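# A look at the structure
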Amino acid sequence: MSAPSDAQRMEKIVSLCKRRGFIFQSSEIYGGLNGLWDYGPLGVELKRNLKNYWWRVTVHERDDVVGLDGSILTHPAVLKASGHVEGFSDPMIDCRTCKAHLRLDQLVEKKGIKQCPSCGGKDLTETRQFNLMFETHVGAAADESSIAYLRPETAQSIFVQFKNVLEVSRKKLPFGIAQIGKAFRNEINPRNFTFRSREFEQMELEYFCRPEQGMELLEYWREERLKFYESIGISRANLHVRNVPDEERAFYSKGTYDIEYDFPFGRHELEGVAYRSDYDLSQHQKASGKSLEYFDEETKEKLIPHVVEPSAGVDRTLLALICEAYAEDQAPNDKGEMETRTVLRFHPRIAPIKCAIFPLLKNKEPLVVKAKEIVQLLRPHMTVFYDESGAIGRRYRRQDEIGTPFGVTVDFETLGERDAALRDTVTLRDRDSMKQKRVAIKDLVETLTPRIR
Ligand code: GAP
């Protein structure tokens, strides 16, 4: 059997995501809303595992980072000072032939003439700037005075709350403020499944430092972030660091790396790690008239801290995790015949369900009772799934397809019917090798927990 092409592979991934409840199109029964997605029962678990793990390594395991959960609706003054009201836009063009709205960089060029990528039309409008922010109104009056924006990045509330957080946390430079939350961008052309969405989540860290520490910390955070991706199961070979050239960087950035991933639809950005100098705090200090300075007790100097920002997308990372985990191999069915198996090889740390528990037969009460006891035993330590329906091979396949790393089967040996020495032992199956070994029920928690943490 030949390997699927990248396009076929992506099609299979999208279909699996829907079929098994990872990701659904938003408002699907009404025809869907473009660029918006809902996470189903397994998607939400995967997402939580990712966010919790990011929070653990970024905040809980460090002394120098604290958290924030800022509001989504944002005062227009914040986004004026940050430059978003004026400049957070993409150049846009319409095709007069097929009416497609396009980003300038989507046009194709043939023999020096720009064409519409959808219909090949050459009758295009002039370029105009399209601001990507969603605008709304706060309060009963829907006029200019009540405009607020849905935040286009989580970063700004960190800058605006810098002084409050500094005062309550009493941190010394360098230190960071982390946030995970929704961001909204009215993307001209959402595409590639969840990759470019109009509503998405970010995991952002603003790491404040003295100016002379900036470049070194930029390198440090690039390495830390690469380690993070590897620790959730993304292979280094599929990750790439792009040193963003001067002409592409924001004018205030002294250095930016994009961490990119080889998706089936091409190599694209997962995260930006940017040294933003003191631009953001200076802008907010100027616009608000409130001091955002830091007093260095050692040097007795007042300064506006500089900042290094690792900014990752939750949805993009989740998509990368699914793409990375998706595999097809050969496995024997219940009759011992080899067949194609679809498997998500998630790292156990982020797998939505850690362990599935099966009684060999559902009509043998002692097997069912024992299996349900094991569910109760494991549940306080991990997400589990109990399944008694269908042939055991089919049940394994269903769990392989959603990436459950471990399977526990209660069989007649467990009851001690064939060999008293095997009483209260079960088979523990490994998803990737499909190998099974016998483990005492009392040792299950101890065996599994180090492998999922
Ligand atoms: N505060 C800096 C900032 O927002 P960005 O490069 O615009 O920088 C950071 O966004 C990350 O947010 C991206 O690397 C990506 O993972 C995610 N992201 C940005 N736009 C997105 C979109 N339309 N859909 C999904 N994720 C997006």
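Let me begin by describing the structure that accompanies this report. Because the structure is predicted, anything quoted here is derived from the model rather than measured. In every chain, residue numbers begin from 1 and rise along the written sequence. Only residues with pLDDT of at least 70 get local features here, since the model is predicted, and only at 80 or more are side-chain atom pairs given and counted; chain-wide, interface and lining totals rely on the full set of residues. Heavy atoms from the whole structure form the basis of all side-chain values; hydrogens and water molecules are not counted.

A word on the packing of aromatic side chains. When the centres of two rings from Phe, Tyr and Trp lie within 6.5 Å, Trp using its six-membered ring, the rings pair. Their planes under 30 degrees apart give stacked, over 60 give edge-to-face, and anything left gives tilted. Following the criterion strictly, the structure yields 19 aromatic pairs and no others. Look at Phe195 and Phe263: their rings are 5.4 Å apart centre to centre, the planes differ by 75 degrees, and that puts the pair in the edge-to-face class. Separated by 68 residues along the polypeptide, Phe195 in the loop between strand 12 (175-184) and strand 13 (199-209) and Phe263 in strand 15 (residues 255-263) bring together distant segments of the chain. Each residue is placed in one exposure class: buried if its accessible area under a 1.4 Å probe, protein chains only, is under 20% of its type's maximum, exposed if it is over 50%, and partly exposed if it falls in between. Phe195 sits in the buried class, given a relative accessible area of 6%. Given the relative accessible area of 4%, Phe263 is considered buried. Note on Tyr261 and Phe263: the rings are 4.9 Å apart at their centroids and 85 degrees apart in plane angle, and the pair reads as edge-to-face. Neither residue differs from the other here; Tyr261 and Phe263 are each classed as buried. Three or more aromatic residues link up through ring pairs in this structure, and these residues are Phe159, Phe162, Phe175 and Phe208. Over the ring of Phe228 we find Arg225; its NZ or CZ atom is 4.4 Å from the centre of that ring. Over a ring means this: the NZ of a Lys or the CZ of an Arg is within 6 Å of the ring centre and within 35 degrees of the ring normal. Here the guanidinium or amino end of Arg225 rests over the ring plane of Tyr229, the centre of that ring lying 5.2 Å away. Secondary structure counts use DSSP, requiring at least four H or I residues in a row for a helix and at least two E residues in a row for a strand, with both numbered from the N terminus.

This next bit is on the pairing of strand 5 (residues 89-94). Of all 6 residues in strand 5, 5 are buried; the element is thus mostly enclosed. The criterion for strand pairing is that DSSP finds at least two bridges linking the strands in question. Here strand 5 pairs with strand 9 (residues 128-131) via 4 bridges, running antiparallel. Following the sheet pairing, Asp90 is matched in strand 9 by Phe130. Note that strand 5 and strand 6 (residues 101-103) share 3 bridges and pair antiparallel. Looking at the pairing, Met92 lines up with Arg103 of strand 6.

As a further point, take the site of the ligand. In the neighbourhood of the ligand, 19 residues make up the surrounding shell, with Glu153, Ser197, Glu204, Glu269 and Leu270 lying closest. Polar contact is the term for a pair of N or O atoms within 3.5 Å; when the atoms are in protein, one must be able to donate a hydrogen and the other to accept it, and sequence-neighboring residues count only if both atoms are side-chain atoms. Note that a nitrogen atom of the ligand is positioned 3.2 Å from one of the backbone N or O atoms of Phe195. Contact between the ligand and Ser197: a nitrogen atom at 2.8 Å from a main-chain N or O atom of the residue. For the shell around the ligand, the secondary-structure elements that each account for two or more residues are strand 13, strand 16 (266-275) and strand 19 (306-313). If one sorts the elements of the shell around the ligand by residue count, strand 16 sits on top with 4 residues. Consider each residue's heavy atoms; a residue with any of them within 4 Å of a molecule or strand counts as near.

Another aspect to go through is helix 11 (residues 392-402). Of all the 11 residues making up helix 11, 9 are buried; the element is thus mostly covered by neighbouring parts of the structure. Within helix 11, burial applies to Ile392, Gly393, Arg395, Tyr396, Arg397, Gln399, Asp400, Glu401 and Ile402. Residue Gly403 follows helix 11 closely and has a positive phi angle near 85 degrees.

A word on the environment of Arg398. Here Arg398 lies in helix 11. Aside from chain neighbours lying at most four places away, what touches Arg398 is Arg20, Asp387 and Ser389. Polar side-chain contacts of Arg398 include one of 2.8 Å to the side chain of Asp387. Throughout, a residue-residue contact means that at least one pair of heavy atoms, one from each residue, lies within 4.5 Å.

A sheet is described by the order of its strands in space; here 3 strands give the open sequence 4-11-10, paired in antiparallel fashion. Taken across any chain shown, the strands that pair with only one partner, and hence form the sheet edges, are strand 4 (73-74) and strand 10 (134-137). As judged from the 4 bridges shared by strand 10 and strand 11 (residues 147-150), these two strands associate in the antiparallel manner. Looking across to strand 11, one finds that Glu135 is bridged to Tyr149.

Moving on to the packing of helix 1 (residues 6-19) against helix 9 (residues 314-325). In a pair of packed helices, the angle between the axes and the distance between the axes together describe the arrangement. Helix axes are fitted only over the stretch in contact, all axes being lines through C-alpha atoms; the angle between N-to-C directions runs from 0 to 180 degrees. Relative orientation of the contacting elements helix 1 and helix 9 amounts to 110 degrees, with a least axis distance of 11 Å. It follows from the interaxial angle that helix 1 and helix 9 lie roughly perpendicular. Considering the relative orientation of helix 1 and helix 9, their crossing is right-handed. Contacts between helix 1 and helix 9 involve Arg9, Met10, Ile13 and Cys17 from the former and Leu319, Ile322 and Cys323 from the latter. In the scheme used here, Gly and all other residues not listed as nonpolar or charged are polar, with Ala, Val, Leu, Ile, Met, Phe, Trp, Tyr, Cys and Pro taken as nonpolar and Asp, Glu, Lys and Arg as charged. When grouped by side-chain class, the residues that make up the contact of helix 1 with helix 9 number 6 nonpolar, no polar and 1 charged. Geometric relationships in this document are graded by angle, where less than 35 degrees denotes roughly parallel, more than 145 denotes roughly antiparallel, 65 to 115 denotes roughly perpendicular, and other angles denote oblique. Left-handed describes a crossing in which the near helix is turned anticlockwise from the far one by less than a right angle; the clockwise case is right-handed.

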